[in-house]
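# Close look at the chain arrangement
Each chain, letter by letter, is given below.
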Amino acid sequence: MSKQINFTIDGRSVECQSGESILDVARREGFYIPTMCYLAKATPNASCRMCVVEVEGVDGLVLSCNTPAIEGASITTESDILYKERQNIMKLYNVNHPLQCGVCDKSGECDLQNKTTEFDLAEQTFATQEQKRKKKKWGVLSYDPYLCIMCEKCTSVCNEVVGSEALYIKPGGYKSVIDNHFGDCIQCGECISVCPVGAMASSDFKYNSNAWELQKVPSACAHCSSACNLEYEVKHSGIDSSGSSEIYRVTNEDDFDSLCGAGRFGYDYENRVAIKDEKAFNSAVEAFKNADTIKFNSMITNEEALILQRLKDKNGYRLVNEEARNYQNFMNSYSSVSGTSLYSGDLQAIKDSDYVITLGSSVSRDNPMIRFALATAVNINRANVAYLHPIEDYKLENLVTQFIRYEVGSEEGVMAMLLEAFASDEAKEEQKAFFSELDMGYISGESNVNEDEIKNLKSKMLRKKSPVIVIGADVMAHPSSSNIAKMVALLEKSSEFKVVIIPTNTNTLGVSMICDLDSEEGSSVVGYNVHAATTLCALGDGDLDMPALNQQEGTFTSIDKRVVPLNAALPHAGYELNDIAIALGVESEETINYTSELPTSKGFKSVEFDSLENYYTNGGEAIRGYLLDNKKIKTKKADEAISNITELEDYNGSVIYSVDHISQFNTFTNKTHQIIDKANLIGSEQFAMAAKIKGGQKVKFMFNGKEITRVFNLDSHLKGTVARHSTFDLHDSTSSGKYRYTKVQIQEEGN
Ligand code: SF4
Ligand code: SF4
Ligand code: SF4
Ligand code: FES
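Residues numbered from 1 in each chain as written. Chains lettered and ligands numbered in written order. Predicted model: local features only at pLDDT ≥ 70, side-chain atom pairs only at ≥ 80, totals over all residues. Heavy atoms only, no water.

Let's shift gears to the site of ligand 1. The immediate surroundings of ligand 1 are formed by Leu-141, Cys-158, Ser-164, Leu-167, Asn-180, Cys-185, Ile-186, Gln-187, Cys-188, Gly-189, Glu-190 and Cys-191. Its residues assigned to classes, the shell around ligand 1 comprises 7 nonpolar, 4 polar and 1 charged. (Near = heavy atom within 4 Å. Nonpolar A, V, L, I, M, F, W, Y, C, P; charged D, E, K, R; others polar.)

Below is the structure:
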């Protein structure tokens, strides 16, 4: 427990934990101290000096951003001396920053512009000779060195928060500029969002609109289960009132929170329809009347999930969503041992951790906020990060302390090795039958994980206080997923580990809590965002057009076990799921009426949609919706038993791993104009040799019963015999509940 400190700011008594900076406490308590270089989510780089304050009894001015508060101190945030000091700093900032506000994107929301006014700088008294510097374009980023004030916020966020180490300062006195190791850049746009001036800008948004013309719609990103907080910035794009609206960009609360590239740039996936297509609607209703199954994916809101459940309750449909069902089964097995409905960790637990193990996930691609959280853990807490996976992710090289590569299919054995290493003696006694049968030599041989690697991993745990284990999508569809889930729960119960079980898709956690899912589909199937005999689809290629998630109101249940609101950025002129439900006798006037009816037995609260809040406090606390209640689950002795490790299936030959690209996640991001990655097969030299193919060659193979053609790209950084296969262009990829590794016969196209 850190010590409580009492001190005063401008005569008012305040309290904080020891170690907190004066600036953080002042902001939380509502005092204003101007800053130019401070970013709450990173460590202070202390380059601007705008945050100076006076401390009674201390000679000279003190930087509030990197000075911890001390007991009994008396702080002054406003005085003539401070004003003069800050005014002089602003004069220096304005040297060489041309007053081009009329044509600069940042105008109207620029910190320099605002503080130039705040410090009454009608004229510029300092000058220096202009230096020649090159403007740069790095994909989605455009950098203008003439506008750059070298505050270093972009380098801090890139290195500390994203963990990319792409941006750096190229020193040269007044000629200093920011540069980019472009190969390391993941195009997340975090540097754009934190830049206080117009120097680091979005290549796409440049010269497109003034900030003050855009209407902000607070919502949640719909591309993965982090459901990050964002604002769609929308403008009417026609010349008259009948013209349509467009999303011009996405922004976020950059001081405290982050977005990945998919959230920031993959926003224009709306389904534009001109009118309600009554004929298509009537046919769809007819199809529902004759159907016995609704097949869907987890790119839906909690409210839509409840509508589907109500339709099941009324008409007896089977609800089929294999991906969510795998997750539901996993959680049920987990609960049968943990005795709780939800896992204990969240993204903040990863950020706060000093020891993280990830198992069975390509975290950068499956859930980018986990990668960001790992970067914070490493950079702030010097965390030890172990990445257990058959494919090493070299994009995580600077964050991961230990890569442990295991054989495809051996996740169950690897989890058993972890349990053997970290579970308490009492837990081993409790599951005596399982532990006495464990043959570590056999598991080590099958998984190709040396027992010394696990010993080494365990040795790093010494003096670590807040370990977290992150369990990914690879294990959800593993044949022994239930046993893995029980082991995860036992580890959580019998050690200090907090657990995060990544919901596979955007609202997998919500769907798995709300819907009673079935395993088999019947003979007559209606699909929602999944192809079937009759398909309702937000992608615009079904039988009835539905609104995309940026056109809907409702809620998601995020990886943080939080029910967060989303608002419609754009209108949808067509029908929605609730219209179908009403036609089938499940009546509620609006979809959001279901928000307060989400099942309280599963931890939801009876709260109206309009009462859900969505903002940050001055101190950076996110007030977003509400947390699910973690319900106590009655466990039965018989269900708790962990079974022996099953024999490993053979994964020899060419094996491909279904995983998408950083930012290019699914059929929806694939519709957006700034995310332009093409689907491909990416493998190592070793893979190419074994499959007898070359880089750049077109190849074909059978995947989920269909022949797929892909360009094979060689990646010299990759090792091993498993290739990465992107699936974001396959319509039903987001509903796939298959084990992510597939044995394939690869052939040259044309043969
Ligand atoms: S886009 Fe992201 S990774 Fe690339 S330079 Fe900016 S912050 Fe770094
Ligand atoms: S590009 Fe922007 S954030 Fe980066 S140093 Fe320059 S002004 Fe600061
Ligand atoms: S894709 Fe996931 S991590 Fe990226 S902004 Fe959206 S919710 Fe956040
Ligand atoms: S905010 Fe403290 S030096 Fe910039």
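The domains assigned to the protein are domain 1 (4–93), domain 2 (126–265), domain 3 (326–501) and domain 4 (654–748). Here the C-alpha centroids of domain 2 and domain 4 sit 30 Å apart. Counting residues at the interface gives 11 residues for domain 2 and 10 residues for domain 4. Carbon and sulfur atoms make up 59% of the area that domain 2 and domain 4 hide from each other, which totals about 810 Å². The largest per-residue losses of area from domain 2 upon contact with domain 4 belong to Asp-204, His-223 and Phe-265, which jointly make up 56% of the total buried on that side. Run the count over domain 2 and domain 4 and you get 0 salt bridges. At the boundary of domain 2 with domain 4, the tally comes to 2 residue pairs in polar contact (both at pLDDT 80 or more). (Domains from an automatic or database assignment. Contact = heavy atoms within 4.5 Å. Buried area = accessible area lost by both parts, 1.4 Å probe. Salt bridge = Lys/Arg side-chain N within 4 Å of Asp/Glu carboxyl O. Polar contact = N/O pair within 3.5 Å; in protein donor to acceptor, adjacent residues only side chain to side chain.)

All right, on to the packing of aromatic side chains then. Evaluation of the coordinates by the stated rule reveals 15 aromatic pairs. Among the aromatic residues, those joined into a cluster by ring pairs are Tyr-651, Tyr-657, Tyr-739 and Tyr-741. Looking at Arg-249, its charged tip hangs above the ring of Phe-205, at a distance of 4.4 Å from the centre. The ring of Tyr-575 has Lys-276 sitting right over it, with the charged end atom 4.9 Å from the ring centre. (Phe/Tyr/Trp six-rings, centres within 6.5 Å; stacked < 30°, edge-to-face > 60°. Lys NZ or Arg CZ within 6 Å of the ring centre and 35° of its normal.)

Most of strand β16 (residues 355–359) is tucked away: 5 of the 5 residues are buried. Burial along β16 is two-sided: the residues Tyr-355, Ile-357 and Leu-359 and Val-356 and Thr-358 are all buried. Relative to strand β17 (residues 384–388), β16 is paired through 5 bridges, and the arrangement is parallel. Opposite Ile-357, over in β17, you have Ala-386 as the bridge partner. Where β16 meets strand β19 (residues 467–471), 5 bridges bridge the pair, whose relative direction is parallel. Residue pairing across strands places Ile-357 opposite Ile-469, the latter belonging to β19. (Buried < 20%, exposed > 50% of the residue type's maximum accessible area, 1.4 Å probe, protein only. Helix = DSSP H or I, 4+ residues; strand = E, 2+ residues; numbered from the N terminus. Pairing = 2+ DSSP bridges.)

The subject of this paragraph is the environment of Arg-371. As for its placement among the helices and strands, Arg-371 is situated in helix α12 (residues 368–381). Taking the C-alpha atoms as reference points, Arg-371 and Glu-589, 218 residues apart in sequence, are found 41 Å from one another. Not counting chain neighbours up to four residues away, the residues in contact with Arg-371 comprise Val-162, Gly-163, Ser-164, Ile-186, Ser-364, Lys-395, Leu-396 and Leu-399. Polar contacts involving the side chain of Arg-371 include one to the main-chain carbonyl oxygen of Val-162, which spans 2.8 Å. Within the local environment of Arg-371, its side chain forms a polar contact with the backbone oxygen of Gly-163, the two atoms lying 3.5 Å apart.

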